[in-house]
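# Commentary on secondary and tertiary structure
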Amino acid sequence: MTQYYTYEGPFELECGATLPSVIIAYDTYGRMNADRSNVVWVCHALTANSDAADWWPHTVERGCFLDPDRYFTVCANFLGSHYGTTGPLSVNPATGEPWYGDFPKITVRDMVNCHRLLAAHLGVESVKLLIGSSIGGFQCLEWCVMQPDFAERAAFIATTPRTKPWASAFNESQRMAIESDPTFGERNAEAGAAGMAVARSIALLSYRGGTAYDKTQEDADPDEASFDRRVLTYQRYQGEKLKRRFNAYSYYRLSQAVDSHNLGRGRGRVEDVLAGIRAKSLVVAITSDILFPPSDHTILVDNIPDSEYHVIDSDFGHDGFLVEHEKLNEIIKDFMK
């Protein structure tokens, strides 16, 4: 069951704006032991929520790497999201109305600072494992730099220490799609929803890649001329699916947060920053990931002092961290021994 912690603030953001207070939604699994040495903290990906058992299949189960019989697992919904933590649909105390498009720009560092508030509230001073994929990996990297002794071990999956132009280009195209929706900018929760559906269809291209599409969306009779191909329905379905469960103002701000990610910002060379990570680290890439390809992970392995590297062979691109749960389970369970 999702729980909520309210920090009475003020909470200063990296952009210079201040939130008067912050509500953080989070889920936990298992029990914390007496010496608090069995804590695992999961940082979720872009449109996921705090219920890791919901979006990360076959992980929060007996015998898996988030085994609730062994670990006390925490997953917090990050700042700006649509699933309970303060974001664009939260009420701005200064106006008495939701923020909508006035919600300030946020960064991954802001997200981690929110996590740290929750950790302090829960009495968690350190964790056995800090783990995240994609933007969840961004958060884990930032946390390991901001609080070097917090994580005994850390797992960075399908991620990067700096968002490169290729990934930002996908994000800008998605924002252009949202901006083209004439309702975007209106002060209501449904504003920009149609544009966000288009944005999601663009995002899926980067999440899956050509191999996955060709493998899963081929027509029953590919030799038959048809204007109603299977993949067309898939693209529209995925757009509508997100439209029903997410919010365009959140989606827009989160895509900007992804673009802002740079572990070296204000700190110096990324390589030198990575060299200061003290957690025993696991780096996992996916062969067909075109968003954060294996080449993006080399800098992590080459510069984090105590790290090991695995590449998962998968046709499912960036989404491989969700699909290839059996392979990931074996890698992480071995890492935890």
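See the structure above.
Every value quoted in this text rests on a predicted model; they were computed, and no experiment measured them. (Residues numbered from 1 in each chain as written. Predicted model: local features only at pLDDT ≥ 70, side-chain atom pairs only at ≥ 80, totals over all residues. Heavy atoms only, no water.)

### Comments concerning the nonpolar core
Membership of the largest hydrophobic core comes to 70 residues, with the highest contact counts inside it found for Trp-41, Leu-79, Leu-118, Leu-130 and Tyr-251. Broken down by element, the residue count for this core peaks at eight residues, all from helix α2 (residues 108-122). For Leu-118, the residues in contact, after removing those within four places along its chain, are Tyr-5, Ile-24, Tyr-26, Trp-41, Val-74 and Ala-76. One finds Ala-48, Trp-56, Val-60 and Val-284 within the second-largest nonpolar core, a separate group that totals 28 residues. (Core = buried A, V, L, I, M, F, W, Y, C linked by side-chain atoms within 4.5 Å. Buried < 20%, exposed > 50% of the residue type's maximum accessible area, 1.4 Å probe, protein only. Helix = DSSP H or I, 4+ residues; strand = E, 2+ residues; numbered from the N terminus. Contact = heavy atoms within 4.5 Å.)

### Let's talk about the environment of Asn-49
Within the secondary structure, Asn-49 is located in the loop between β5 (39-43) and α1 (52-55). Judged by its relative accessible area of 16%, Asn-49 falls in the buried class. Spatially, the C-alpha atoms of Asn-49 and Tyr-83 are 5.9 Å apart, while their sequence positions differ by 34 residues.

### Examining the layout of surface pockets
A water-sized probe rolled over the atoms picks out the places where empty space is left. Size it by volume and the largest pocket reaches roughly 730 Å³. Taken together, 37 residues line the largest pocket, and the ones lying closest to its centre are Thr-47, Arg-200, Tyr-207, Arg-245 and Leu-322. Residue assignment for the lining of the largest pocket shows that the elements contributing at least two residues are α1, α3 (135-146), α4 (165-179), α5 (193-216), α6 (230-245), α7 (248-260) and α10 (320-323). The element contributing the most residues to the lining of the largest pocket is α5, with six residues. (1 Å grid on protein atoms, 1.4 Å probe; cavity = no way out; pocket = protein on both sides within 12 Å on 5 of 7 lines; lining within 4 Å. Points joined across faces, edges and corners; volume = space filled by probe spheres on them.)

### Section: unusual backbone geometry
Across the junction of Gly-9 and Pro-10, the peptide omega takes the value 0°, indicating a cis bond. Tracing the chain through its elements places Pro-10 in the loop between β1 (3-7) and β2 (11-12). Phi at Tyr-100 is positive, roughly 50°, even though this residue is not glycine. Looking at the element boundaries, Tyr-100 is found in the loop between β8 (97-98) and α2. Residue Ala-158 is not a glycine yet carries a positive backbone phi of 45°. You can see Ala-158 is positioned in the loop between β10 (151-157) and α4.

### Comments concerning α3
Taking 1.5 Å per residue, twelve residues should reach 16 Å; α3 reaches 16 Å between its end C-alpha atoms and fits that length. Among the twelve residues that make up α3, ten are buried, leaving the element largely enclosed by the rest of the structure. Considered for burial, the residues of α3 that qualify are Ile-135, Gly-136, Gly-137, Phe-138, Gln-139, Cys-140, Leu-141, Glu-142, Trp-143 and Cys-144. (Expected span 1.5 Å × (residues − 1).)

### Brief notes about the pattern of salt bridges
Applying the stated criterion across every chain, the model contains 21 salt bridges. Arg-175 serves as the salt-bridge partner of Asp-259, at 2.6 Å between the closest nitrogen and oxygen. Linking Asp-259 in helix α7 with Arg-175 in helix α4, this pair joins segments that are 84 residues apart in sequence. Several salt bridges converge on common partners, so that one network encompasses Glu-14, Arg-109, Glu-142, Arg-265 and Arg-267. (Salt bridge = Lys/Arg side-chain N within 4 Å of Asp/Glu carboxyl O.)

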